[in-house]
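# Fold and geometry: a report
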Amino acid sequence: MNYNLPSHLSDLPIYRKAMDIIMLSRSISTYLNQDLSYLNEDGTEDSNIYFSGDIVQQSTNLAPEIINAERERYSDKKHQHLESLERLTNQLYSNCRRLERSKSNGKDYLPILKGELKKFRKLQRNWMMTL
C-alpha cells in the first residue's frame, strides 16, 4: 500500500500498528471465510461472514485516516479525521466481538486482533495529543 507517505509517517508507531492490524485482519478474515462460507442446513448463509469482510475494510481505512490527519492543516478538519479513526477502531472492536460468537475455529485468533486494537488505541491517544 502506497499512499504517497510523508517521510516521517512510516516511522510513526501508530502508522506501523495500523499496518500490522491490516495484515492481521486480512489473515483472520481469510481463515474465517473458509469456515463461514458454507451454507447452513436450511440453505441460508452464515451472517458472520459479512463481519469478517468488515474487519478487513475497516482496518484498511485506518492508515489513510492517519495520513489525512497528519497532512491536514486546519484543526477542525484534522478532528474530523481523528473522529473517523475513533469510529473505525470502535467498529473493528465491535465486529471482533461479534465474530467471537461465530461457529469457526478462526475465532481463536480474534483475541490477538483485539489485543492489537487495544495497543492501537493507546498509541492513538498519545498520537492525538501531538497533533
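Overview of the structure. Since this is a predicted model, take the numbers as computed values, not measurements.

### Quick word on helix α3 (residues 62-71)
Extensive coverage of α3 is indicated by the burial of seven of its ten residues. Looking only at α3, the buried set comprises Leu62, Ala63, Glu65, Ile66, Ile67, Ala69 and Glu70. Buried positions along α3 lie against α1 (13-36), α2 (48-60), α4 (75-100) and α5 (110-130).

### Remarks on the packing of aromatic side chains
Applying the stated criterion across every chain, the model contains one aromatic pair. With 5.5 Å between their ring centres and 80° between their planes, Tyr31 and Tyr109 make a pair best called edge-to-face. One end of the pair, Tyr31, is in helix α1; the other, Tyr109, is in the loop between α4 and α5, with 78 residues separating them in the sequence.

### What about a nonpolar patch on the surface?
Taken together, the side chains of Tyr31, Tyr109 and Ile112 define a hydrophobic patch exposed on the protein surface, amounting to about 280 Å² of accessible area. For Ile112, the position within the fold is in helix α5. For Ile112, a relative accessible area of 45% translates into the label partly exposed.

### A few points about the nonpolar core
For soluble globular proteins, nonpolar side chains are generally found buried alongside one another. Core analysis: the biggest nonpolar cluster contains 29 residues, and Leu62, Ile66, Phe120 and Trp127 have the highest contact counts within it. Put simply, the parts of the chain that give this core at least two residues each are α1, α2, α3, α4 and α5. It is α1 that contributes the most residues to this core, eight residues altogether. Discounting chain neighbours no more than four positions away, the residues touching Ile66 are Leu9, Ile14, Tyr15, Ala18, Leu85, Phe120 and Trp127.

Criteria and cut-off values
- Residues numbered from 1 in each chain as written.
- Predicted model: local features only at pLDDT ≥ 70, side-chain atom pairs only at ≥ 80, totals over all residues.
- Heavy atoms only, no water.
- Buried < 20%, exposed > 50% of the residue type's maximum accessible area, 1.4 Å probe, protein only.
- Helix = DSSP H or I, 4+ residues; strand = E, 2+ residues; numbered from the N terminus.
- Contact = heavy atoms within 4.5 Å.
- Phe/Tyr/Trp six-rings, centres within 6.5 Å; stacked < 30°, edge-to-face > 60°.
- Patch = residues over 30% accessible without salt bridge, like charges linked within 9 Å, V, L, I, M, F, W, Y side chains within 5 Å.
- Areas by Shrake-Rupley, 256 points an atom, 1.4 Å probe, with all protein chains shown as cover.
- Salt bridge = Lys/Arg side-chain N within 4 Å of Asp/Glu carboxyl O.
- Core = buried A, V, L, I, M, F, W, Y, C linked by side-chain atoms within 4.5 Å.

In short, shape yes, function no, at least from these values alone.
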